[in-house]
Amino acid sequence: MKTFEIYIEGMHCASCAAEIEAELIKHDGIQHVNVNFATKKLFLTYDSSLISQEELKKIIRDKGYTPKEITEDLDTKDLEEKEFKELRFNLIISTIFTVPVLIISMFIMHLPYKNLILFLLSLPVIFWAGKQFYIRAFKALKYFSANMDTLIAVGTGSAFIFSMVSTFTPQVFEISGQKPHVYYEVADVIITLILFGRMLEAGARSRTFLAMKKLIGLQPKTARIIQDGIEKEISVDDLKVEDIVIVRPGEKIPIDGVIIEGESSIDESMITGESMPATKKTGYEVVGGTLNLSGSFRYKVIRVGKETVLQQIIRMVQEAQNTKAPIQRFADLISGYFVTVVIIIAVLTFLIWIIFAPAETRLSYAVINFVSVLIIACPCALGLATPTAIMVGTGIGAENGILIKNAAALEILYKADTIILDKTGTITKGKPEVTDIFTDMELNEFLYYAASVEKLSEHPIAHSIVEKSESKNIILHYPQDFQSFSGQGVKGIVNGRTVFAGNKDFVEGQGFSAKKDVEEAETVIFIVIDGELKGFITVADTIKPDSKQALKELEALNFEIIMLTGDNKKTAENIASQVGIKNFIAGVMPENKAKEIKKCQNNRKIVIMVGDGINDAPALVQADIGIAMGTGTDIAIESSDITLVQGNLTKLAKAIKLSRATTSTIKQNLFFAFIYNVLGIPIAAGVLYPFFGILLSPMFAALAMSLSSISVVTNSLRLRRIKL
């Protein structure tokens, strides 16, 4: 199966999106179709042996839309800007001619050739500014379909044709004893208001892309490299792996790499959401798009193009924005039938008024209410309700170091009630650190011998002891006659003295006594120098600085929290007590983690699993929502629904708050869109007339329809003010 993504020009309502989806899914070889009205993009999976991309494009073109391939040369922002300018130009033309039509119709009662003047002034509005509605409606009719443009074209066209007949052949009405009326102002004002509404909607919709535009704008256009000993500036697109790049204070880092010379403080907030600068020195990775604050350094490029961290984040956010939340399915179902149902209601409205209204007003009332029903109906609000909120929500997530892979994840996260946390790498740092040193020697001297003998060892515990000494600026020496005893310890000669470093069994096996009381949850390394036990070092996988606070925040959000670990009960109990977790399961083998999640799900729990290792991947897949720590393995990140950049657990509470705010916004949008149509259509049909003598003018119907879409987009934009 292959994937296919394309931009579609000419989509102007949710019914358009539903129509394209319905047509494509009919064809053999197409497995999944998703048309996002808000982004105007189509994403589908298909079997290339049964249908080709050219055939897919032809299907779209045959429905009256223009497919445009998404390439580096195609900037969808430019297409949106072009659409906005066209709408603005048409609005100006429409307004210039609509204003005099409105003034003459409402305030100048006796004007020679009044109806003819109104007709001539309306021509540019109908056939220039509003021609797009009629062209698209005609294209839809050719393929026996209907969309929002059909409603506008039939509504305004009916008012214009009725008025034209009244102007040039008034005797048609006079024969039946009715006074001919003209509704040029109705047709003109409707087109003007709809153009105005669509222009505002296009502007508001473009603001939902703000986070994405920020991400795309992070990468500099040029980089300064060293080539054949000469410094020169080149395009970032021309950078290759192994190129040496120079970065000076205040400059953005062009692309991902590893520092080979120098050090600096780097602001990574735009990628990770962390406000504190990170100190980077030789051997540390740097990420393209981040800001160098202080020192100058040189680094070697390790990733280019689509493989860079920034491009992967952009791709993940774009893919999330192209997915649909489960809550949207009902809205899509209604949008698919919406236009047809509205046309039926409009025709019934016309017939009821023709049959039951007083003879002298029946035709004019029938036409007015027919037009009002067609114009007030708005599937656009339904179509925009979910995707605009998802676009803003996923964008905010990316800005805060929360990468959401699909829209469904946001909705399920909202419903979750249980969080299962892997211990190692999630609550703890995932690597051993020195916690205590006990010695009767001078501390730095003791560390010198202990770390020097461990310097050639590859064991993580040895690395932690070496790092501890380096943090105290102790200069180490490589040991002579170094021997490593797997899983036990090491031996070597340091500065002429024989040093043993290892666990209790190893030291006692060498004939030394190692009786010391320490926490079972910690690993103890005994140090023997020249045949004498000089002290011991305790090492443990320590708690991340933010874990305790993060778990407090999660508890305040009313989650049941369970820690899962393969460690022994004593170690698990020690870690759980430090961070305030009441429930934990110890001694869980990697293959059984998914089974523990399944047990919770069998008790009707909606489970979030948070992990970072390869052994967490099955559990992340089994959980209702899998969340990977960004410091973890690629396979864990691939298996997850959400990734927390930098592995900061406090981002989990932020992700949950974001999901709740986004889902609440979607529900508000859908509620408003449904209520608007459920109340608006009957009022437009004249249901209030028998009780209060009120009829809705088609002009007010047009205004209401335009405002409905704008209000939904504006409500989604309120998400940008959320405090996470």
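Use the structure listed above.
For clarity, every value in this text was computed on a predicted model and none was experimentally measured. (Residues numbered from 1 in each chain as written. Predicted model: local features only at pLDDT ≥ 70, side-chain atom pairs only at ≥ 80, totals over all residues. Heavy atoms only, no water.)

1. A closer look at the overall build of the chain
Regarding its fold elements, the chain presents 27 helices and 26 strands. For the chain, the C-alpha radius of gyration of 34 Å lies well beyond 27 Å, the compact-globule estimate for 724 residues. Taken over the C-alpha atoms alone, the chain extends approximately 125 × 65 × 50 Å along its principal axes. Within the chain, residue pairs in contact and separated by at least 24 positions form 69% of the contacts whose partners lie at least 6 positions apart. Accessible surface, the chain: about 33000 Å² in total, of which carbon and sulfur atoms supply 57%. Put simply, the chain has 75 plus and 80 minus side-chain charges, and the middle of one group is 6 Å from the middle of the other. (Helix = DSSP H or I, 4+ residues; strand = E, 2+ residues; numbered from the N terminus. Rg over C-alpha atoms; globule rule 2.2 N^0.38 Å. Contact = heavy atoms within 4.5 Å. Areas by Shrake-Rupley, 256 points an atom, 1.4 Å probe, with all protein chains shown as cover. Lys, Arg positive; Asp, Glu negative; His and termini not counted. Charge placed at Lys NZ, Arg CZ, Asp CG, Glu CD.)

2. With respect to the pattern of salt bridges
The full count for this structure, using the stated rule, is 26 salt bridges. Between Glu 231 and Arg 248 there is a salt bridge, with the nearest N and O atoms lying 3.1 Å from each other. Note that Glu 231 is positioned in strand S6 (residues 230-235) and Arg 248 in the loop between strand S7 (244-247) and strand S8 (257-262), a separation of 17 residues in sequence. Exposure remark for Arg 248: the relative accessible area of 33% places this residue in the partly exposed category. Ionic pairing is found between Lys 415 and Glu 411, a salt bridge with its closest N-O pair at 3.6 Å. Of this pair, Lys 415 and Glu 411 both sit in helix H15 (residues 407-415), four residues apart, roughly one helical turn. Residue classification places Lys 415 among the partly exposed residues on the basis of a relative accessible area of 47%. Judged by its relative accessible area of 8%, Glu 411 falls in the buried class. Connected through shared salt-bridge partners, Glu 19, Glu 23, Lys 26 and Lys 63 make up one network. (Salt bridge = Lys/Arg side-chain N within 4 Å of Asp/Glu carboxyl O. Buried < 20%, exposed > 50% of the residue type's maximum accessible area, 1.4 Å probe, protein only.)

3. Quick look at the side chain of Lys 423
Residue placement: Lys 423 occurs in helix H16 (residues 423-427). For Lys 423, a relative accessible area of 3% gives the class buried.

4. Some words on the packing of helix H6 (residues 148-168) against helix H13 (residues 362-376)
The contact between H6 and H13 brings their axes to 8 Å, and the two run at 155°. One element, H6, and the other, H13, form an angle in the roughly antiparallel class. Remark: the crossing between H6 and H13 carries left-handed chirality. Between H6 and H13, the residues in contact are Leu 151, Ile 152, Val 154, Gly 155, Thr 156, Ser 158, Ala 159 and Phe 162 and Leu 363, Ser 364, Val 367, Phe 370, Val 371, Leu 374 and Ile 375, respectively. When the residues that make up the contact of H6 with H13 are grouped by side-chain class, the tally is 11 nonpolar, four polar and no charged. (Axes fitted to C-alpha atoms, helices over the stretch in contact; angles between N-to-C directions. Parallel < 35°, antiparallel > 145°, perpendicular 65-115°, else oblique. Left-handed = near helix turned anticlockwise from the far one by under 90°. Nonpolar A, V, L, I, M, F, W, Y, C, P; charged D, E, K, R; others polar.)

5. What about the packing of aromatic side chains?
Tallied over the full model, the rule gives 19 aromatic pairs. Between the aromatic rings of Phe 119 and Phe 160, the centroid separation amounts to 5.9 Å while the plane-to-plane angle is 20°, which identifies the pairing as stacked. Taken together, the residues span a long stretch of sequence, with Phe 119 in helix H4 (residues 114-129) and Phe 160 in helix H6 at a distance of 41 residues. Overall, the relative accessible area of 13% leaves Phe 119 in the buried class. Classification of Phe 160 as buried rests on a relative accessible area of 5%. On the numbers, 6.2 Å between centres and 50° between planes, the contact of Phe 500 with Phe 506 is tilted. (Phe/Tyr/Trp six-rings, centres within 6.5 Å; stacked < 30°, edge-to-face > 60°.)

6. Overview of the environment of Pro 220
Take Pro 220: it is sitting in the loop between helix H9 (210-216) and strand S5 (222-227). The buried category is assigned to Pro 220, whose relative accessible area is 18%. Those residues in contact with Pro 220, other than ones at most four positions away along the chain, are Val 236, Lys 252, Ile 253 and Pro 254.

7. Details of the nonpolar core
Among the nonpolar cores identified, the biggest contains 131 residues, and Leu 42, Leu 421, Ile 608 and Leu 652 are the most heavily contacted of them. Here this core takes 12 residues from helix H25 (residues 650-685), the largest share from any one element. (Core = buried A, V, L, I, M, F, W, Y, C linked by side-chain atoms within 4.5 Å.)

8. As for a nonpolar patch on the surface
A contiguous nonpolar patch, built from Ile 344, Val 347, Leu 348, Leu 351, Ile 352, Ile 355 and Phe 356 and spanning about 690 Å² of accessible area, is present on the exposed surface. Along the chain, Val 347 turns up in helix H12 (residues 328-356). (Patch = residues over 30% accessible without salt bridge, like charges linked within 9 Å, V, L, I, M, F, W, Y side chains within 5 Å.)

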